[in-house]
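Next come the chains, spelled out residue by residue.
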Amino acid sequence: MKVREDPKAHGPILPPPPSKPGEKEPGSPYGGRVKALALGLLLALTLPPFPLGFLAPFVLAFLLKGGFREGFWAGLGFGGLHLVWLPQSFAQNFGPWGAVPFLPLVLVKALSFGLLFALTPNAPMRLGGWVLLEWLTEQGELAFPWGFLGYALVEAPGRVLAAWGGVYLLSLLVLLVAYGLRARRPWVLLLWALLWLLPLPEAHPEGKALLVQGNINPLRKFQGELDEAVYLRLTEAGLRAHPEADLVVWPETAVWRIPQEAEALLQGRPLLTGLNLLGPNRAVLYREGKLLGHYDKTRLVPFGERFPFREALGGVYAFFFRAMGLGDLQDRTPGEKVAPIGPYGVLICYESVFPSVARGLAREGARVLVLLTNDAWFGPSFGGRQHFALGRLRAVETGRWLLRAGNDGITASVDPFGRVVAEIPPHQEGFLLAPYALRTGLTPYARFGDWAVGLALTIFLLGLILRVRPPGWRNR
């Protein structure tokens, strides 16, 4: 064996021992990819509907390093598990072709993680950049605000801090604890423990609503077979069992029109229900034979209720529509303004994951949030439970009760502190007597909006300044 001399060393330098057959060389990229992929999967397990949110900063402490390659593989694992309900639900409803859109969506998520890691070489830039990336996913025509780190705190009493800065403030807190762990600052564990042990005050309901869960097959609803008799029957049984109910709520796209029998059945109570119109996805407030107001959904589901870039991708859409047996789908008409109907701030399905929509309703005078949804499209996947968990934070952010009526669940009442105070099992017919109260006043988040995103931008810019400072700048 030859020995190489190093002129700057005091002794000989031996070459590294040869690798064994099948053994990866030290520093092989494959080990880093597998580790990043595994950490991305673990991070997904800390978000709803999984009950491991308390582990989020510990996973992030290992994940928050590396460049594009590590970010890409982490994003692939995270997006693949967090959104696995997409191929499950779409394939069940529309056949194998329904699972195809899942692939580009996960790839986009992986690329966004990769670019985040590549463009944020130091801790402040990555911390601020992560929250900025979350905010960007709420914007624009392709908005899909899933997977925010702040949702790791949905089951923690510390979620009440969302009343001050929304889910973005919670994301900042999770990241700060993670960086504290990486920097070996054990005191951050005390902060993290407090978020999970914080006592919450009691909420005091003043009214009771009857929420009706029809459990109608989504394809039947899609084809216009909306059995209004189901809602009349369940409402009659519910009001007979709970005559103290002062409001009746039916879910999204429950009926084509208000049934004639509804007036006598309701006996003067207001009814909030979704209408399955050909144009807008509409909610209406009905009382004593009159429509008192309506709200049209403003945030339409990309590739579900509207089809972006249709002029350029018309042939692609036509192929998938035929493959899934959907005919020639047309875009729904979006609403022009976020506004309550009387005291009721209505959210329709997908809108419940947009903090800006609920905040806008509270600012416009909504005194209770009412979510009408049809989560039957999620099928047997965990997508429905995930959607429910995300929407719970809207109650905290706005300081309002949230009444949630789902076609097949989850039908529930959530108090202004994010606690589920009443619910019924999903995937079955039923009704729920749901406590609630009309509340006034604005939380700091409803009043001042996404200031936590501005704080994240400030942290990012601070990291950028530290990155590009001239030599000796710190000493000066």
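Residues numbered from 1 in each chain as written. Predicted model: local features only at pLDDT ≥ 70, side-chain atom pairs only at ≥ 80, totals over all residues. Heavy atoms only, no water.

Quick look at the overall build of the protein
For the protein, the count of helices and strands is 16 helices and 13 strands. With 476 residues in all, the protein has 51% of them scored as buried. For the protein, long-range pairs separated by at least 24 residues make up 69% of all intrachain contacts whose partners lie at least 6 apart in sequence. Summed over its atoms, the accessible surface of the protein is roughly 22,200 Å², and 63% of this surface lies on carbon and sulfur atoms. (Helix = DSSP H or I, 4+ residues; strand = E, 2+ residues; numbered from the N terminus. Buried < 20%, exposed > 50% of the residue type's maximum accessible area, 1.4 Å probe, protein only. Contact = heavy atoms within 4.5 Å. Areas by Shrake-Rupley, 256 points an atom, 1.4 Å probe, with all protein chains shown as cover.)

Some words on the packing of helix α5 (residues 102–119) against helix α6 (residues 123–136)
Running from N to C, α5 and α6 point in directions that differ by 150°, and their axes come no closer than 9 Å. For the element pair α5 / α6, the angle class is roughly antiparallel. Both α5 and α6 take part in a crossing whose hand is right-handed. Mapping the contact onto sequence places Ser112, Phe113, Leu116, Phe117 and Leu119 in α5 and Met125, Arg126, Gly129, Trp130 and Leu133 in α6. (Axes fitted to C-alpha atoms, helices over the stretch in contact; angles between N-to-C directions. Parallel < 35°, antiparallel > 145°, perpendicular 65-115°, else oblique. Left-handed = near helix turned anticlockwise from the far one by under 90°.)

What to know about the pattern of salt bridges
For the coordinates displayed, the defined rule picks out 10 salt bridges. With a closest N to O distance of 3.4 Å, Glu70 and Arg69 form a salt bridge. In this structure Glu70 comes out as partly exposed when scored by relative accessible area, which is 22%. Between Arg404 and Asp375 there is a salt bridge, with the nearest N and O atoms lying 2.8 Å from each other. Remark: Asp375 occurs in the loop between β9 (368–373) and α14 (383–398) and Arg404 occurs in strand β10 (residues 402–406); sequence separation between them is 29 residues. With relative accessibility at 3%, the residue Asp375 sits in the buried group. (Salt bridge = Lys/Arg side-chain N within 4 Å of Asp/Glu carboxyl O.)

Considerations on the packing of aromatic side chains
Under the counting rule described, the total for this entry stands at 16 aromatic pairs. Seen from their ring centres, Phe144 and Trp146 are 4.8 Å apart, and the 15° between their planes marks the pair as stacked. Seen in terms of ring centroids, Phe148 and Tyr151 are 6.0 Å apart; in terms of plane orientation they differ by 25°. Their pairing is stacked. Positioned over the ring face of Phe117 is Arg126, at 4.2 Å from the centre of the ring. (Phe/Tyr/Trp six-rings, centres within 6.5 Å; stacked < 30°, edge-to-face > 60°. Lys NZ or Arg CZ within 6 Å of the ring centre and 35° of its normal.)

Comments concerning helix α16 (residues 451–468)
The end-to-end C-alpha distance of α16 is 26 Å, a good match for the 26 Å that 18 residues give at a rise of 1.5 Å each. Among all positions of α16, only Ala452, Val453, Ala456, Phe460 and Gly463 are buried. Relative to the axis of α16, the buried residues are bounded by an arc of 105° and lie together on one face. (Expected span 1.5 Å × (residues − 1). Arc of directions from axis to C-beta.)

Overview of the environment of Ala152
In this fold, Ala152 is placed in the loop between α6 and α7 (162–182). With a relative accessible area of 5%, Ala152 lands in the buried category. Ala152 sits 103 residues away from Pro49 along the chain, and the two C-alpha atoms are 9.5 Å apart. Once you skip the residues sitting within four places of it in the chain, Ala152 turns out to touch Thr46, Leu47, Gly53, Ala56 and Trp196.

Thoughts on the sheet that holds strand β11 (residues 411–414)
With mixed pairing, the 5 strands of this open sheet are ordered in space as β8-β9-β10-β11-β12. Sheet topology places β8 (344–348) and β12 (420–424) at the edges, where each strand pairs with a single neighbour. Direction aside, the axes of adjacent strands within the sheet are offset by 15° on average. Inspection of the sheet shows β10 paired to β11 by 3 bridges, in the antiparallel sense. Within the sheet, the bridge partner assigned to Leu403 lies in β11 and is Ser413. Sheet strands in contact with helix α13 (residues 355–363) are β8 and β9, and its direction is about 165° off that of β8. Each of β9, β10, β11 and β12 is contacted by α14, which is oriented at about 155° to β10, the strand it contacts most. (Pairing = 2+ DSSP bridges.)

Observations concerning the confidence of the model for the protein
Note: predicted coordinates in regions of low pLDDT should not be interpreted at a detailed level. Predicted confidence across the protein gives a mean pLDDT of 87, with 83% of residues reaching 70 or more. Across residues 1–16, where pLDDT falls below 50, the model places 10 contacts with residues more than four positions away in sequence or in other chains. Overall, residues 18–26 carries pLDDT values under 50, and its contacts beyond four positions in sequence, including any with other chains, amount to 2 contacts. (pLDDT = per-residue confidence, 0-100.)

Points about the sheet that holds strand β6 (residues 281–287)
In space, the 6 strands of this open sheet follow the order β7-β6-β5-β4-β3-β13, with mixed pairing throughout. Pairing within the sheet leaves two strands with one partner each, and these edge strands are β7 (290–296) and β13 (430–436). On average, adjacent strands in this sheet sit at an angle of 25° to one another, irrespective of strand direction. Sheet topology places strand β5 (residues 271–276) next to β6; 6 bridges connect them, and they run antiparallel.

What to know about the environment of Thr411
By the element assignment, Thr411 lies in strand β11. The sequence separation of Thr411 and Ala434 amounts to 23 residues, and the corresponding C-alpha distance is 9.2 Å. Residue contacts for Thr411: discarding those within four places in its chain leaves Leu211, Gln213, Arg404, Ala405, Gly406, Ala422, Glu423, Ile424 and Leu432. One polar contact links the side chain of Thr411 to the main-chain amide nitrogen of Gly406, over a distance of 3.1 Å. (Polar contact = N/O pair within 3.5 Å; in protein donor to acceptor, adjacent residues only side chain to side chain.)

Description of the UniProt feature "transmembrane region" (unreviewed entry) in the protein
The sites that carry the UniProt feature "transmembrane region" (unreviewed entry) are, in the present numbering, residues 36–64, 71–91, 97–119, 160–180, 187–204 and 448–466. From the first C-alpha to the last, residues 187–204 spans 36 Å; its make-up is 56% helix and 0% strand. With 89% helix and 0% strand, residues 448–466 has end C-alpha atoms that lie 29 Å from one another. (UniProt positions renumbered as here; feature names shortened; annotations may be inferred.)

Comments concerning the nonpolar core
The biggest cluster of nonpolar side chains holds 104 residues, and the ones touching the most others in it are Leu60 and Trp130. Broken down by element, the residue count for this core peaks at 13 residues, all from α7. In terms of domain composition, this core takes at least three residues from each of domain 1 (32–199 + 451–468) and domain 2 (207–302 + 331–436). When residues no more than four places from it in sequence are discounted, the contact partners of Leu60 are Leu43, Trp130, Leu149, Val174, Leu175 and Ala178. Counting 21 residues, the second largest nonpolar core, distinct from the first, contains Leu234, Ala245, Ala254 and Val255. (Core = buried A, V, L, I, M, F, W, Y, C linked by side-chain atoms within 4.5 Å. Domains from an automatic or database assignment.)

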